[in-house]
Amino acid sequence: MKKIVLLLILGALVAPFTLQKSEASLISDRSYRAEMNKENRQELKQVKNLFKIHETYANNHDIKGLGSLYSDKYMNSDGFGKEVYFKSIKDTWDSCKDLTYQTKIISTNISGDYASVSVEETANGTITDILDSNPIAGELHSKSTGIYYLEKVNDKWFIVGETALTDESSLLYGDARFMNIEIQAPNQVSAGDVYTTTVKVDGDSDMFIIGAIDRDPVTYPANTPKSELRAMPQSQTLERLLKANTDNLNEYAVASLAISKAKNVQDTTFRVYLAGLACVMKRVNVIPKNNFVKVED
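Source: prediction; values computed, not measured. (Residues numbered from 1 in each chain as written. Predicted model: local features only at pLDDT ≥ 70, side-chain atom pairs only at ≥ 80, totals over all residues. Heavy atoms only, no water.)

## Description of the sheet that holds strand 8 (residues 194-202)
The strand order across the open sheet formed by three strands is 6-8-11, and the pairing between neighbours is antiparallel. If you trace the sheet from one side to the other, it starts and ends with strand 6 (180-184) and strand 11 (237-243), each paired once. Strand after strand, the sheet turns through a mean of 15 degrees between neighbouring axes, direction not considered. With seven bridges joining them, strand 8 and strand 11 adopt antiparallel strand pairing. In the strand pairing of strand 11, Thr198 is matched with Glu239. (Pairing = 2+ DSSP bridges. Helix = DSSP H or I, 4+ residues; strand = E, 2+ residues; numbered from the N terminus. Axes fitted to C-alpha atoms, helices over the stretch in contact; angles between N-to-C directions.)

Shown next as structure tokens:
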């Protein structure tokens with residue numbers, strides 16, 4: 001009986017303190033979570049605003065404004081630092097003066113003063129060139145996915161790095177602008193591996209198409225691959241085996257196409273003319289060989 005009474009007394013004494021401690025803990029946890037959620041919302045708003053400003057500067061071709069959003073220690077997955085990266089941007093804008101961009105944020109991960117932002121980006125523009133002394137209109141299209149890495153310095157977010165995941169681009173002239181041209185290649189290969197690149201064209205039966213497929217490692221200045229052109233078969237499909245570089249560089253699988261047509265000049269006379277040009281490319285990320293991985297039997 002005494003044991004039961006003692007247990008009841010102890011229970012009566014402990015219960016209030018336990019309850020108060022639990023309530024205090026709950027209030028503290030709720031307050032902390034509310035404060036953290038508020039802080040995360042503010043950080044997320046700042047990050048999203050950074051990309052809105054980024055898109056505005058890019059569409060205005062404001063190289064100075066765009067550069068202010070990048071850290072001096074910026075480095076992307078192709079090994080381009082800030083200086084080289086912005087030289088390549090300027091070269092692109094000089095060639096395509098009406099190039100416009102659109103960025104869609106897929107996901108954002110914020111951890112203290114660091115953040116990673118997954119995006120989908122598109123770019124479109126026009127180019128006028130001279131072919132056989134005649135002006136020819138070209139269209140530039142690009143769609144890519146990647147991850148931007150951010151760092152917060154003095155309460156301001158800066159872009160410190162970028163990893164390109166996928167990228168498909170095309171430069172189309174003349175009749176090629178109205179054709180469906182598709183390039184297929186793996187998104188990732190190991191250094192030195194052989195992979196297949198395929199180009200499929202949905203062209204008219206009166207077209208004669210010659211083309212070439214090659215690879216182009218990502219360097220600055222860029223090198224234009226030179227390969228022998230060959231006639232596209234009736235299947236309107238070209239294939240080639242490419243060997244990935246072993247220079248620790250990412251690369252592009254590149255296909256160049258020339259489209260010709262025959263024009264009736266007189267009853268029995270035809271003139272063959274160049275109706276269009278196309279350059280389509282797809283990014284292939286090359287994983288370098290790791291010589292420090294050892295597998296023991």
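## Brief notes about the packing of aromatic side chains
A complete count under the given rule lists six aromatic pairs for this structure. With 5.1 Å between their ring centres and 80 degrees between their planes, Tyr70 and Tyr74 make a pair best called edge-to-face. In terms of burial, Tyr70 and Tyr74 fall into one category: buried. On the numbers, 5.1 Å between centres and 90 degrees between planes, the contact of Tyr70 with Phe86 is edge-to-face. Of this pair, Tyr70 sits in strand 1 (residues 70-76) while Phe86 sits in helix 3 (residues 82-95), and the two are 16 residues apart along the sequence. (Phe/Tyr/Trp six-rings, centres within 6.5 Å; stacked < 30°, edge-to-face > 60°. Buried < 20%, exposed > 50% of the residue type's maximum accessible area, 1.4 Å probe, protein only.)

## Section: the environment of Ile136
For Ile136, the location among the structural elements is in strand 4 (residues 134-153). Residues Ile136 and Ala275 lie 139 residues apart in sequence; the distance between their C-alpha atoms is 10.0 Å. Filtering out sequence-adjacent residues up to four positions away, Ile136 remains in contact with Ile127, Thr128, Asp129, Ile130, Leu131, Tyr173 and Gly174. (Contact = heavy atoms within 4.5 Å.)

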